[in-house]
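Here are the chains, one letter per residue:
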Amino acid sequence: MITARVQRFVWAGGPAPNGPAPDLSGRRVAVIGGATGAAEAVTGVLVDRGALPWQLGDSGTPDAVVDLTFAEPFSPDSPDAAEGALLRTLAVLRACYSDWSEETDARRLAYLAVTYLDGRSGYGDGPIHQPLGGIWAGLAKTLHREIPNINARVVDVGRPDVAGLPDIAAAELYATGPAEIGHRDGIRHALTPRAQAVGEPSVPLGDGDVVLVCGGWSGIGFELARTLARRGCRVVVTGRTRPPTGSEEWALLDDAEFDDYRRDLMRRAAADGTVRDTRERIDRLRRRRTLQKNLSAAEGEGLPLRFAHCDITDPDAVADLIAGIPDLTGVVYFAGVDRPARLPAKSDRDFLAGVAIKVTGFLRVFTAVRDRELKFFCNSGSLTGRLGGMVGELDYAAGNEALARLGLWARRVSGLDVQTLCWPLWQSLSASSNVDAAVKYMPAMDPADGLGRWCDELAAPHSGEVAFLGPVDTGISVAQAGQFPAVRSLPGFAEVHPRVFHLGDPVEWRSGKRLVSEVRFRAEDTPVTGDVLVGGDPALPITLLLDNALRSAEWFAGPVRELVDVEVDLPGLRLSDGEIQLLRTTSAESDGSLRVVFRTGAGAQIAAMTGRCREPDDIAPQVPGSDGEPLGVAASTVHWRGLVVPLARWRQHPCGTRTASLAPCADADLWAAEPPPTSLLPTTALENVLRMVLSGSSTDRLLIGRIAIGGDPQRADLLVAEPAGKTWYAVDRGTRQVALAVRGPGVRADGT
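In short, a report on the structure. Here the structure is a predicted model, which is why all the values come from computation and not from measurement. (Residues numbered from 1 in each chain as written. Predicted model: local features only at pLDDT ≥ 70, side-chain atom pairs only at ≥ 80, totals over all residues. Heavy atoms only, no water.)

**Some points on the overall build of the protein chain**
Each helix and strand in the protein chain was counted, giving 18 helices and 34 strands. Relative to the compact-globule value of 27 Å for 752 residues, the protein chain shows a C-alpha radius of gyration of 30 Å, a close match. Projected onto its principal axes, the C-alpha coordinates of the protein chain cover approximately 90 × 65 × 60 Å. Out of the 752 residues belonging to the protein chain, those deemed buried represent 56%. Contacts spanning at least 24 positions in sequence make up 76% of the contacts within the protein chain whose residues lie at least 6 apart. (Helix = DSSP H or I, 4+ residues; strand = E, 2+ residues; numbered from the N terminus. Rg over C-alpha atoms; globule rule 2.2 N^0.38 Å. Buried < 20%, exposed > 50% of the residue type's maximum accessible area, 1.4 Å probe, protein only. Contact = heavy atoms within 4.5 Å.)

**Examining the packing of aromatic side chains**
Within this structure, the stated rule accounts for 17 aromatic pairs. Ring geometry for F258 versus Y261: centroids 6.1 Å apart, planes at 35°, classification tilted. One end of the pair is F258 and the other is Y261, both in helix α6 (residues 255-272) and 3 residues apart, which spans about a single turn. The same class applies to F258 as to Y261, namely buried. Taking the centre distance of 5.6 Å and the plane angle of 90° together, the rings of W650 and W728 count as edge-to-face. Taken together, the residues W650 in strand β28 (residues 650-652) and W728 in strand β32 (residues 727-732) connect sequence positions 78 residues apart. Each member of the pair, W650 together with W728, is buried. (Phe/Tyr/Trp six-rings, centres within 6.5 Å; stacked < 30°, edge-to-face > 60°.)

**As for the packing of helix α2 (residues 83-102) against helix α9 (residues 348-369)**
Closest axis-to-axis distance for the α2/α9 pair is 11 Å, and the angle between their directions is 130°. One element, α2, and the other, α9, form an angle in the oblique class. For the element pair α2 and α9, the recorded crossing hand is right-handed. Residues E83, L86, L87, L90 and R94 of α2 touch α9, and the partners they reach there are D348, F351, L352 and V355. (Axes fitted to C-alpha atoms, helices over the stretch in contact; angles between N-to-C directions. Parallel < 35°, antiparallel > 145°, perpendicular 65-115°, else oblique. Left-handed = near helix turned anticlockwise from the far one by under 90°.)

**Here we look at the nonpolar core**
It is characteristic of soluble globular proteins that their nonpolar side chains tend to be buried jointly. With 81 residues, the main nonpolar core has L546, W555, F598, M609 and I707 as its most contacted residues. Leave out the neighbours within four places in its chain, and L546 touches L563, V566, M609, L681, L686 and I707. A30, I135, I322 and A335 belong to the second-largest nonpolar core, a separate cluster that totals 69 residues. (Core = buried A, V, L, I, M, F, W, Y, C linked by side-chain atoms within 4.5 Å.)

**Here's the deal with the packing of α9 against helix α11 (residues 394-413)**
When two helices pack together, their arrangement is given by the angle between the helix axes and by the axis-to-axis distance. One can describe the packing of α9 onto α11 by two numbers: an axis separation of 8 Å at closest approach and a directional angle of 20°. The angle between α9 and α11 places the two elements in the roughly parallel class. In terms of crossing hand, the pair formed by α9 and α11 is right-handed. Residues that form the contact of α9 with α11 fall into these classes: 15 nonpolar, 4 polar and 3 charged. (Nonpolar A, V, L, I, M, F, W, Y, C, P; charged D, E, K, R; others polar.)

**Overview of empty space enclosed by the protein**
Counted according to the given criterion, the structure contains 7 cavities of 30 Å³ or more. The volume enclosed by the largest cavity comes to roughly 90 Å³. What lines the largest cavity is simply P79, D80, A82, E83, L86, I135, L352, V355, A356, V359 and T360. Of all the secondary-structure elements, those providing two or more residues to the lining of the largest cavity are α2 and α9. In terms of residues, the lining of the largest cavity owes the most to one element, α9, which gives 5 residues. Along the lines of polarity and charge, the residues of the lining of the largest cavity split into 8 nonpolar, 1 polar and 2 charged. (1 Å grid on protein atoms, 1.4 Å probe; cavity = no way out; pocket = protein on both sides within 12 Å on 5 of 7 lines; lining within 4 Å. Points joined across faces, edges and corners; volume = space filled by probe spheres on them.)

**Quick word on the sheet that holds strand β27 (residues 638-640)**
Pairing is antiparallel across the open sheet formed by 3 strands, whose spatial order is β21-β20-β27. Strand pairing shows two members of the sheet lacking a second neighbour, β21 (537-538) and β27, which therefore form its edges. The sheet contact formed by strand β20 (residues 532-534) and β27 spans 3 bridges and is antiparallel. Looking across to β27, one finds that V534 is bridged to V638. (Pairing = 2+ DSSP bridges.)

**Regarding the environment of Y174**
Mapped onto the fold, Y174 is located in the loop between α4 (165-172) and β8 (180-184). In this structure, the C-alpha to C-alpha distance between Y174 and T43, residues 131 residues apart in sequence, is 15 Å. Leaving out residues up to four positions away in the same chain, Y174 has contacts with P22, L24, R27, D63, A64, R107, R108, L109, A110 and N151. Engagement of the side chain of Y174 in a polar contact is seen with the backbone oxygen of R108, the distance being 2.5 Å. (Polar contact = N/O pair within 3.5 Å; in protein donor to acceptor, adjacent residues only side chain to side chain.)

**Section: the pairing of strand β5 (residues 64-67)**
The side-chain alternation of β5 yields two buried faces, one formed by A64 and V66 and the other by V65 and D67. With 4 bridges connecting them, strand β3 (residues 28-32) and β5 associate as parallel partners. Residue V31 lies in a different strand from β5, and its bridge partner there is V66. As judged from the 4 bridges shared by β5 and strand β6 (residues 109-115), these two strands associate in the parallel manner. Looking across to β6, one finds that V66 is bridged to L112.

**What about the pairing of strand β25 (residues 605-612)?**
For β25, a buried count of 6 out of 8 residues is recorded, marking the element as mostly surrounded by other parts of the structure. Taken together, the 5 bridges between strand β22 (residues 562-569) and β25 define a ladder with antiparallel strand orientation. Each bridged residue has a counterpart across the sheet, and for V568 the counterpart in β25 is A607. Pairing analysis gives 6 bridges linking strand β24 (residues 594-599) to β25, with the strands arranged antiparallel. Paired with V596 across the strands is M609, a residue of β25. Here β24 folds back onto β25, and the loop between the two strands holds 5 residues, one of which, G603, carries a positive phi near 100°.

Here you go:
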């Protein structure tokens, strides 16, 4: 399993610009939940803007859902108060699931959850009305994993009686940009991640400290408990599992003997029809054996660690637990259950239980200790709440995001310094039952690194919510791409930002099969368009078009290292009124290659090519030792002005080989965006090759047999063309590594 060193981030709020008004004409929209009369008011505004109302029981399915969630004031004594509203949400999503999960139209579906914290997603300075809105926030941010083409978002309005709620809901439905938006005092807010180092220790931990680790009987929780105990803390870990008494027939079996015992139980179960119950029993026995091993290991080390059996959702049990630890100095709330299953396969009971262990358990423990003078109260959260979870984790993400928002509420209403730490998957220790799937979203965290960071956080000044992020590039979906923050410090940003930048506006997405997007290049955003002219008009450089094609392929597999059978209609690259708009279709072929085609809105083909992922094996050609003679470049259909892309000076050697030295062209010179996307192709190299290939030609059509990308394309500083002109190389002069090989470039004026 791949591990990654993570970086520490906190969240900061700030104003966010309003986007264009969404077109709601003909959209079927269901509006559910909220305060009395709110759904009717929102529906009225949506209908005024062209939407069609839909409710459960109507034929078909809606195109969008505005979920006004649970608007009642929060009461910590009623942690299950939102269950009815949550079940209503689940009923609507279940009714939509079959149709929505198969939808390939990337613009049809939307889900908007409205929450009522403080108008700034819990990061304001006023009271928090209803922190249980975090349940819907976590659900919304994970929904795209099971419904790939949904625009799922969260908007926080502070209170259910906020002025303009219907207009806010209508404006945010189908909006683009950050997944979480707040509206407060007429200002639109968004949260942005900010890298921040942990503070210097202010509450050292060690002898004299007594720490309660709720749910810490196994996995990461137990390793943290053991780490704290090794530092001198006395630690109490809890769990709903009871340790064996030692008299059980399975208690003293070694692992091999227990495996035989398990198989014997399953054989009997198959005979008497009790397989399901027996599997659950075996699972309980495994948990009890794990608890026994962990406690025995701690005892063998002589650690000051003990176990307390406790159902932390039971207020009386929690009260007795806390009363039995009079010298308590810190709490780590770790309890949670992660049992991934898609929504149709997860019962309402299981969904509610997954949320309750985070919400109800936290509130029971917090209520019992809120008047204590503790050094810390630390929630163990998850990135599934902050960023969204993986397939099957709607309930787990909902519970974790609710926990984080409850932590923000608890900081404001008590003297406790409550903090939530949002962790990625931990190598070998995380409770996820689908680790292989989880690491596709983000590499696992090294346990030693994580435990060290955790202890640092407990001893440092607390900052509400902290997220530990590893490289995020593999975890971004097409539906999520428009929500990706342009923050350079994010791990994996350099890899994912260009892919998101070049995605365009998706029209159709069939995961792993087909992506259709509208792509738009404007002179004001792409200054290099003024450097290349086709027939005297500003045009999109061919290299930028090919780079866009390569980036589209990264949503399937990657990286594409070779483009073959490239065809480009040169006049089709000209800008009209300062821009060029194209429809790009990228589709997976049966042989594993990818076909990329660019068309105009009218359907005329502008460019086509096939991408392959295989690594090139081109060998650098010999560079002639002679100085060579200057070689001119004649006028052609395309004219390079050389204001942005430096023009190379070609020389021809006695052997017929042509060479040219290259000057670099910075990405910031090609794009006005900040930050600019990095290029996969060496722009200066390829544009100068094409300039020579097209020299003296009046053709409208460019054909290239093969473009292979090798080495570090941006290090290319020398062009070498074989005497026959069939193969052109961009080479790193120092390492002799081939950065680019172009074979079979040519022109055909007759189109044959």
